[in-house]
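# Structural overview for review
If you want the building blocks of each chain, they are given just below.
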Amino acid sequence: MPSRWMAHSSFSSDHFIGVDLLGVARAILGGAKIMSTCKNKVLTLVFVLRPGEVLLGYKKRGFAQGWWNGFGGKVEAGETIEEGAKRELHEESGLSVSNELDHVGVLMFEFVNDPVLLEVHVYRTYSYTGTPIETEEMKPQWFKHQDIPYKDMWPDDKLWYSLMLNGKYFNGNFKFEGLTNLLEYEINEITK
Ligand SMILES: Nc1ncnc2c1[nH]c(=O)n2[C@H]1C[C@H](O)[C@@H](COP(=O)(O)OP(=O)(O)OP(=O)(O)O)O1
């Protein structure tokens, strides 16, 4: 039975920092079946790992084109967040994952003058089948941890990647103006 990491948020742009994301994350860790309220745009982000390295994809088109990122995208109607994560990973890299993904974080992104909040669920795994292939959307490449190209990535990534790479559970709130100006943020590591 797949886990149902359905998103929930009482998030409001009037209370950007300090929302109950910590409570959401604790509930998830406690095994709660959290259903989507559909207030946010729910996305996934999957990191495939091998010892000392992470697989990133160079975004060839669309949102954040020209930057490196994990694999992921929007969760579709009728699928759990984890199912969406596995589907996007396969579509964008050719890799398949049959085991449960390790859910390590929830990141909330607000953009100035945009009422839509992005709720990004971060997963990692060492367990996959297949060989990474270039797809219409992404060009994959393995990076040693010390060579991760942060200057060609979302500005927030360098703030939380070490937690993800070390298998810590975390959440974060980020407020952007445009795609490159990170105005404020908060990151919490959560102990299980
Ligand atoms: N700030 C930040 N840091 C790291 N990663 C992300 C962000 N913002 C984000 O949106 N992301 C991630 C979350 C997703 O993995 C992708 C965005 O997905 P997107 O390409 O919009 O979704 P798809 O469903 O693949 O889109 P199309 O198929 O419609 O192009 O970035």
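Residues numbered from 1 in each chain as written. Predicted model: local features only at pLDDT ≥ 70, side-chain atom pairs only at ≥ 80, totals over all residues. Heavy atoms only, no water.

Inclusion rule: UniProt positions are given in the numbering used here, feature names are shortened, and annotations may be inferred rather than shown by experiment.
As annotated in an unreviewed UniProt entry, the chain carries the name Oxidized purine nucleoside triphosphate hydrolase and comes from Amphimedon queenslandica. The chain has a UniProt comment under Subunit (unreviewed entry) that states "Monomer." Listed under Sequence similarities (unreviewed entry) in UniProt, the entry text for the chain is "Belongs to the Nudix hydrolase family."

### Re helix H3 (residues 157-165)
Cut-off, in case you're wondering: We call a residue buried when its accessible area falls under 20% of the maximum for its residue type, exposed when it is over 50%, and partly exposed in between, using a 1.4 Å probe and counting protein chains only. Each helix is a run of H or I in the DSSP string that is no shorter than four residues. Each strand is a run of E no shorter than two, and both are numbered from the N terminus.
Among the residues of H3, those classed as buried are Asp-157, Trp-160, Tyr-161, Leu-163, Met-164 and Leu-165. Positive backbone phi, at 75°, marks Gly-167, one or two positions downstream of H3.

### Points about the site of the ligand
Keep this limit in mind: Neighbouring residues are identified by heavy atoms, a residue being near a molecule or strand if any of them is within 4 Å of it. Two N or O atoms form a polar contact when they lie within 3.5 Å of each other; inside protein one atom must be a possible hydrogen donor and the other a possible acceptor, and for residues adjacent in sequence the pair counts only when both atoms belong to side chains. The protein chains shown are the only cover counted for residues, whose accessible areas, like all others here, come from Shrake-Rupley with a 1.4 Å probe. Classes in brief: Ala, Val, Leu, Ile, Met, Phe, Trp, Tyr, Cys and Pro nonpolar; Asp, Glu, Lys and Arg charged; the others, Gly included, polar.
Taken together, 17 residues lie around the ligand, and Thr-44, Lys-59, Asn-69, Lys-74 and Asp-156 are the ones closest in. In the model, a nitrogen atom of the ligand is placed 3.0 Å from a nitrogen or oxygen of the Asn-69 side chain. Interatomic distance of 3.1 Å between a side-chain N/O atom of Glu-137 and an oxygen atom of the ligand. Here the ligand loses 84% of its free accessible area of 640 Å² to cover by the protein chains. For the shell around the ligand, the elements supplying multiple residues, two or more each, are strand S1 (41-50) and helix H2 (81-93). Classifying every residue of the shell around the ligand by side-chain character gives six nonpolar, four polar and seven charged.

### Side note on the UniProt feature "domain: Nudix hydrolase" (unreviewed entry) in the chain
Listed under "domain: Nudix hydrolase" (unreviewed entry) in the UniProt record, and renumbered for this structure, are residues 39-166. A distance of 31 Å separates the end C-alpha atoms of residues 39-166, which is 17% helix and 38% strand.

### Thoughts on the pairing of strand S5 (residues 114-125)
Our working rule: Any two strands between which DSSP finds at least two bridges are classified as paired.
Summarising burial for S5: nine of the twelve residues are buried, a large majority. Both S1 and S5 contribute to a ladder of eight bridges, which runs parallel. Among the inter-strand pairings, Thr-44 is bridged to a residue of S5, identified as His-121. Pairing of strand S4 (residues 102-111) with S5, which is carried by eight bridges, proceeds in the antiparallel orientation. When the sheet's bridge partners are listed, His-103 is paired in S5 with Tyr-123.

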